[in-house]
Amino acid sequence: MNQTAHVVLVGYGEVGTKSSSVRAKMEARLRTNLQAVLDDRSLSGRVEREWSRLLVRDVADADAVAAACAEVPGVVWARPCVACDPVLDDIVAVCRGLASDHPDGAAFAVDADRVGDADRHAFTSSDLEREAGSAVVEATGAPVNLDDPDRTYRIECREETAYLSVRRFDGPGGLPLGTQGRAVSLVSGGIDSPVATWELMRRGCEIVPVYVDLGDYGGADHRARAIETVRTIARRAPNADMRVHVVPAGDVVERLMEAVDDTRMLSLRRAMLAIAAEIATDEHAHSLVTGESLGQKSSQTGENLAVTEAAVDYPVHRPLLTRDKTDIVAAARDLGTYDDSTLPVGCERVAPSFPETNASLSAVEAAEPDDLFDLAVEAARERVVVSPDGE
């Protein structure tokens, strides 16, 4: 019997809780997104829907396919599998074959589900676990540990086919990208904004990335880092439009440097949100996204966040609001954006020596130049759209 894994099972979580009509639409979207990732990475595989799973057939490298699938929003796990007839002897034989590379001394468990009409199978889930477990013990002499196994032999026995696996690639969960509309995300090239962008993507939002170029207070390195972080994230959604809207805002910054002192950073944040709002209107987006975390910086105290948000009518999503910096850094490392996000961003050079941490809206508005938001709108209209791949 061929022991090479030749299918990949893809499991989802929250999608399965939806009504039948919504679930069908989300499954279809997830299937499209998975196929796009495989095609983009030149991985062979054909994504199909089967029962409460998505299944990738005709794979040449099941581990690579499973790893790629596990990067896609909406996926909870992906498993490279061996498929066989739903016959007890065949299932046990496959399980014995999977044990051929069982790590020396590793404790194991067998986790089996027999699904479907009981008349189709002359055995139960417990029978599968007992017989397959005995086969692994005979082949390896390994100890059984049902509570904390080093390796789990997973069996899903359906009416027509049984699927066996020993590897699981954990996914991000959430909802399929493209099921929750569009949002404009302000990306700076720092650590936080790419993570915030990803968090909205894993909740199903397509993202319009916006980089606000601060002119002499920013620089080519900052722009390049921001675009590179978007490129890293975009690999997980190659069928989405992740082109970066680059906004020339040097005039906005210069005007603030001339006119505003201790509330300058708040006015800059307000101008950035106004730029994002202008783009959101053009791009038919429903909300704005930032990487702000409560109390992380002087501009991100509770009072100051309220002041900055008052500049726009759009909802402002802050998915990192309650996250500690160490958690955000860990998430950036997992996402693959950390190394390209460690360059200090230009807005730190704009910050006054003694920034206001408890601002009032009236005081901030009074200090702002009258033409600030006109300059912001003008900058948004002069933006250029750049592919994260440099094409």
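Just so we're clear, the structure is a prediction, and the values are computed from it rather than from any experiment.

1. Considerations on the UniProt feature "domain: THUMP" (unreviewed entry) in the chain
Mapped onto the present numbering, the UniProt feature "domain: THUMP" (unreviewed entry) falls at residues 63-168. Overall, residues 63-168 shows 32% helix and 26% strand. The separation of its end C-alpha atoms is 9 Å.

2. Regarding the domain arrangement of the chain
Taken domain by domain, the chain consists of domain 1 (7-170) and domain 2 (182-386). Averaged C-alpha coordinates put domain 1 and domain 2 at centres separated by 41 Å. Across the boundary between the two partners, domain 1 contributes 11 residues, which contact 9 residues of domain 2. At the boundary of domain 1 with domain 2, total buried surface from both sides reaches about 870 Å², with 43% on carbon and sulfur atoms. The interface formed by domain 1 and domain 2 holds 2 salt bridges in total. Glu206 is the salt-bridge partner of Arg29, the closest N and O atoms lying 3.0 Å from each other. Applying the counting rule to domain 1 against domain 2 returns 5 residue pairs in polar contact (both at pLDDT 80 or more). A per-class count over the side of domain 1 that touches domain 2 returns 4 nonpolar, 2 polar and 5 charged.

3. Topic: the packing of aromatic side chains
For the structure shown, the criterion picks out 1 aromatic pair. Look at Phe108 and Tyr153: their rings are 5.8 Å apart centre to centre, the planes differ by 90 degrees, and that puts the pair in the edge-to-face class. Here the residue Phe108 occupies a position in strand E5 (residues 108-114), and Tyr153 occupies one in strand E6 (residues 151-157), the gap between them amounting to 45 residues. Classification of Phe108 by relative accessible area gives buried; the value is 1%. Judged by its relative accessible area of 1%, Tyr153 falls in the buried class. The side chain of Arg236 reaches across the aromatic face of Trp198, ending 4.8 Å from its centre. Directly above the aromatic system of Tyr338 lies the positively charged group of Arg333, at a separation of 3.9 Å from the ring centroid.

4. Quick word on the nonpolar core
In this structure, Val184, Val212, Leu268, Ile275, Ile279 and Leu288 are the most contacted members of the largest nonpolar core, which totals 34 residues. Listed by contribution, the elements that provide at least two residues to this core are strand E9 (182-186), strand E10 (206-213), helix H7 (250-259), helix H8 (264-283) and helix H13 (372-381). At 11 residues, the largest contribution of residues to this core is made by H8. Formed by 31 residues, the second largest nonpolar core is a distinct cluster that contains Ile227, Val329, Ala332 and Leu335.

5. Remarks on unusual backbone geometry
Residue Ser42 is not a glycine yet carries a positive backbone phi of 55 degrees. Here Ser42 lies in the loop between helix H1 (20-40) and strand E2 (46-50). Residue classification places Ser42 among the exposed positions, given a relative accessible area of 68%.

Here is what the cut-offs are and how they apply
- Residues numbered from 1 in each chain as written.
- Predicted model: local features only at pLDDT ≥ 70, side-chain atom pairs only at ≥ 80, totals over all residues.
- Heavy atoms only, no water.
- UniProt positions renumbered as here; feature names shortened; annotations may be inferred.
- Helix = DSSP H or I, 4+ residues; strand = E, 2+ residues; numbered from the N terminus.
- Domains from an automatic or database assignment.
- Contact = heavy atoms within 4.5 Å.
- Buried area = accessible area lost by both parts, 1.4 Å probe.
- Salt bridge = Lys/Arg side-chain N within 4 Å of Asp/Glu carboxyl O.
- Polar contact = N/O pair within 3.5 Å; in protein donor to acceptor, adjacent residues only side chain to side chain.
- Nonpolar A, V, L, I, M, F, W, Y, C, P; charged D, E, K, R; others polar.
- Phe/Tyr/Trp six-rings, centres within 6.5 Å; stacked < 30°, edge-to-face > 60°.
- Buried < 20%, exposed > 50% of the residue type's maximum accessible area, 1.4 Å probe, protein only.
- Lys NZ or Arg CZ within 6 Å of the ring centre and 35° of its normal.
- Core = buried A, V, L, I, M, F, W, Y, C linked by side-chain atoms within 4.5 Å.

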